[in-house]
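# Residue-level structure breakdown
Residues per chain are reported as follows:
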Amino acid sequence: MKGQSSGTILRQQVGSSVNSIYGFIADGLYQNQAEIDAGPTQFGTLKPGDIRYKDIAGAFDANGNPIGDGKITDADRTIIGSTIPRYTYGFNMDFSYKGFRLSALIQGVGKVDGYLDSHYVIPAVNSSAVKPWQLDYWTPENPNAQFPRVSLTSTNNTQNSTMWMRSAAYMRLKNVQIGYELPKSFTDNTFLQSIYIYLNAQNLFTSTKFYEGYDPEINYNAASSDGVALGGGNYYPQVKTYSFGIDVKF
């Protein structure tokens, strides 16, 4: 890349993986006005319950730790995650006993980050409704909330940051099928060779810490104009599918 960097949230930068996640490092939520006054200048009008960002731009101390310059700017953005899984795995199993058969496919990825923002995950942004899983937002009575205070106008809380990044690692039971082939005595003296009855299920189980209701396998959408720069939150998730069949051989 010869020293060139590009991308605001999906970042191409020397020394980092392709399509790395780029943004601010969230450092908790401001609990009171005194903390705001003592912190760096950020975006818009700050209020208790807003996200605090790490001030990492400026000089470095003797130990190589950054000394902030008292303000949060683009210079405080850094690589915060990777969209390329460190591990990709799959297990294909096939068992049979007499006339019974069981097959399953388990697949997944490990050590990978995903990102959603805007009204898909931020409560009340763009006048959107607050989803049930977003009710853990900051109030004076709920200081240890998962999400910042509810606001329709905050420019501080919608910045690209680790606040909205989640692990996109998952393990999924992609397919499972159980079946039974009827004994030959059922087809003797008939024009049939065999009868196999089966039940099939897809996407039966998924283990992930990604956002509830969103598929960790959703595609990247770097050209999105609605604020979702990684997994497109408007993509319909993969659904559980059940099917029943009979395989008859003549």
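First things first, this report covers the structure right here in the doc. Worth saying up front: this structure is predicted, and the values here are computed from it rather than measured.

By the alternation rule, side chains of strand 2 (residues 20–23) split into Ser20 and Tyr22 and Ile21 and Gly23, which are all buried. Here two bridges tie strand 1 (residues 10–11) to strand 2, and the two strands are oriented antiparallel to one another. Its bridge partner being in strand 2, Arg11 is matched across the sheet by Ser20. Summarising the sheet, strand 2 and strand 7 (residues 78–82) pair through four bridges and their orientation is antiparallel. Note on strand 7: the bridge partner recorded for Ile21 is Gly81.

Let's shift gears to the packing of aromatic side chains. The geometry of an aromatic ring pair comes down to the distance between the two centres and the angle between the two planes. Enumeration over the complete set of coordinates arrives at twelve aromatic pairs. Note on Phe43 and Tyr53: the rings are 6.4 Å apart at their centroids and 75° apart in plane angle, and the pair reads as edge-to-face. Linking Phe43 in the loop between helix 1 (33–38) and strand 4 (51–53) with Tyr53 in strand 4, this pair joins segments that are ten residues apart in sequence. A relative accessible area of 2% means that Tyr53 is categorised as buried. Ring pairing ties together the aromatic residues Trp133, Phe147, Trp164, Phe210, Tyr211 and Tyr214, which thus form one cluster. Positioned over the ring face of Tyr170 is Arg172, at 5.6 Å from the centre of the ring.

Okay, the side chain of Arg166 next. Its location among the elements puts Arg166 in strand 11 (residues 165–167). Among buried Asp, Glu, Lys and Arg side chains, Arg166 stands out as unpaired, with Asp136 the closest opposite charge at 8.9 Å. Of note is the side chain of Arg166, whose polar atom sits 3.0 Å from the backbone oxygen of Met163. Apart from the residues lying within four places of it in its own chain, the contact partners of Arg166 are Val112, Asp113, Gly114, Gln146, Phe147, Lys209, Phe210 and Tyr211.

Although it is not a glycine, Lys98 adopts a positive phi angle of roughly 55°. On the secondary structure map, Lys98 appears in the loop between strand 8 (87–97) and strand 9 (100–110). The phi dihedral of Lys111 falls on the positive side, at around 55°, and the residue is not glycine. Looking at where Lys111 falls in the secondary structure, it is placed in the loop between strand 9 and strand 10 (113–115).

All right, on to the side chain of Arg172 then. With respect to the helices and strands, Arg172 occurs in strand 12 (residues 170–181). Look at Arg172 and you get buried, because its relative accessible area is 5%. Separated by 2.4 Å, the side chains of Arg172 and Glu217 make a polar contact. When neighbours within four sequence positions are excluded, Arg172 is seen to be in contact with Leu105, Ile106, Gln107, Asn203, Phe205, Thr206, Asp215, Pro216, Glu217 and Gln238.

Turning our eyes to something else, we now look at the pattern of salt bridges. Per the counting criterion, the structure on display carries eight salt bridges. Of the charged contacts, one joins Arg101 and Glu181 as a salt bridge, the two residues approaching to 2.7 Å between their closest N and O atoms. Here Arg101 is found in strand 9, whereas its partner Glu181 is found in strand 12, with 80 residues between them in sequence.

Another aspect to go through is the environment of Asn157. By the secondary structure assignment, Asn157 is in the loop between strand 10 and strand 11. Within the structure, Asn157 has its side chain in polar contact with the side chain of Asn156 (distance 3.1 Å).

A contiguous nonpolar surface patch, about 980 Å² in accessible area, is contributed by Phe95, Leu102, Ile178, Phe191, Leu199, Phe244, Ile246, Val248 and Phe250. Counting residues per element, the nonpolar patch draws most heavily on strand 14 (residues 241–249), at three residues. Inspection of the secondary structure puts Phe95 in strand 8.

Further remarks concern the sheet that holds strand 7. Reading across from one edge, 1-2-7 is the order of the three strands in this open sheet, with antiparallel pairing throughout. Strands with a single pairing partner mark the edges of an open sheet, and in this sheet they are strand 1 and strand 7.

Conventions used here
Residue indices follow the written sequence of each chain, beginning from 1 at its first position. Residue-level local features of this predicted model are given only where pLDDT is at least 70; pairs of side-chain atoms are given and counted only at 80 or more, and the full residue set underlies all totals for whole chains, interfaces and linings. Side-chain calculation: all heavy atoms of the structure are included, whereas hydrogens and water are not. Whether a residue is buried, partly exposed or exposed follows from its accessible area with a 1.4 Å probe, protein chains only, as a fraction of its type maximum: under 20%, in between, or over 50%, in that order. Strands are runs of DSSP state E lasting at least two residues, helices are runs of H or I lasting at least four, and both sets are numbered from the N terminus onward. Strand pairing is assigned whenever DSSP identifies at least 2 bridges connecting the two strands. For Phe, Tyr and Trp, rings pair up if their centres lie within 6.5 Å, where Trp contributes its six-membered ring, and each pair is then called stacked (planes under 30 degrees apart), edge-to-face (over 60) or tilted (otherwise). Our definition puts a charge over a ring when NZ of Lys or CZ of Arg is within 6 Å of the ring centre and also within 35 degrees of the ring normal. Here the positive residues are Lys and Arg and the negative ones are Asp and Glu; neither His nor the chain ends is included. When a carboxyl oxygen of Asp or Glu lies within 4 Å of a side-chain nitrogen of Lys or Arg, that pair is called a salt bridge. Each polar contact in these results corresponds to two N or O atoms within 3.5 Å; when the atoms are within protein, one needs to be able to donate a hydrogen and the other to accept it, and residues that are neighboring in sequence are counted only if both atoms are side-chain atoms. Any pair of residues with heavy atoms lying within 4.5 Å of one another is described as a contacting pair. Like-charged residues are merged into a patch within 9 Å and nonpolar side chains (Val, Leu, Ile, Met, Phe, Trp, Tyr) within 5 Å, provided each residue has over 30% relative accessible area and no salt bridge. Note on areas: Shrake-Rupley, 1.4 Å probe, and residue coverage restricted to the protein chains presented here.

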